[in-house]
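# Architecture at a glance
In case you want the letters, here they are:
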Amino acid sequence: QEQEILEKTKWIRRLEEIALQAGEHSKLFGPSSADCQLSEAEQSKLRKAVLSKGAFRTMAVHIRHFERMMSWARRNGLEIFPISIDLVLKYALFLNEQSCGPTVIASVKAAIAWVCLRLCLQAPDIRDPRLTALESQVVEARAKELKEAVPFPLLLVMMLERFVVRHAADQPVLAFFV
């Protein structure tokens, strides 16, 4: 449990770093409005509660996805905050060009929604039809149908079981099927 607490603390710090980069766009860390009735101590307590909510593995997945998007945006000279649907679309197009897996865009959308909710950021419309269409296109192009192995005939299985049981006491049995 001590290890889990350390892991969670690490991800809380990384989420705080994202919030600090978001600056005034994050209502969780941004300047308080003039009509705010919460003291600084109360705001800090609530901030800590929001940041520490959830399992660290969930935090890790969402924060990693979000950080990768931020790194990509920086490398391409794009403004990250406020997060726009155009930024998300450009990133999704980039992921598609990189032959991402069928669930990557859905994971990125979930990460954006999760981070925006946690940091009180204005979230882009991740249900945008352009993004949804691109996501569907990626799934259709890259999702593979699960295939089950052809089952062995029952008679063959029974013969193999008898053979193994009869000879197992003497020495190991190896069987190869092509």
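As the structure is a computational prediction, the values presented were derived from the model and not from experiment.

### Regarding the packing of aromatic side chains
Going through the model one piece at a time under the given rule, you end up with 4 aromatic pairs. Ring geometry for Trp72 against Tyr91: centres 5.2 Å apart, planes inclined by 50°, an arrangement best described as tilted. Here Tyr91 lies in helix α4 (residues 85-97) and Trp72 lies in helix α3 (residues 56-75), a separation of 19 residues in the sequence. Each of the two residues, Trp72 as well as Tyr91, counts as buried. Connected via pairs of aromatic rings, a cluster forms that spans Trp72, Tyr91 and Phe94.

### Observations regarding the nonpolar core
Core analysis: the biggest nonpolar cluster contains 40 residues, and Phe66, Phe81 and Leu119 have the highest contact counts within it. Sorting the residues of this core by element identifies α1 (2-22), α3, α4, α5 (104-119) and α6 (129-142) as the ones contributing at least two each. Of all the elements, α3 adds the most residues to this core, at 9 residues. Non-local contacts of Phe81, meaning those with residues more than four positions away in its chain, are made with Ile18, Gln21, Ala22, His25, Phe66, Met70 and Leu121.

### Structural notes on the environment of Gln122
Here Gln122 shows up in the loop between α5 and α6. Separated by 95 residues in sequence, Gln122 and Lys27 have C-alpha atoms that sit 9.0 Å apart. Sequence-distant contacts of Gln122, defined by excluding residues within four places in its chain, comprise His25, Ile83 and Cys116.

Rules used throughout
Residues numbered from 1 in each chain as written. Predicted model: local features only at pLDDT ≥ 70, side-chain atom pairs only at ≥ 80, totals over all residues. Heavy atoms only, no water. Phe/Tyr/Trp six-rings, centres within 6.5 Å; stacked < 30°, edge-to-face > 60°. Helix = DSSP H or I, 4+ residues; strand = E, 2+ residues; numbered from the N terminus. Buried < 20%, exposed > 50% of the residue type's maximum accessible area, 1.4 Å probe, protein only. Core = buried A, V, L, I, M, F, W, Y, C linked by side-chain atoms within 4.5 Å. Contact = heavy atoms within 4.5 Å.

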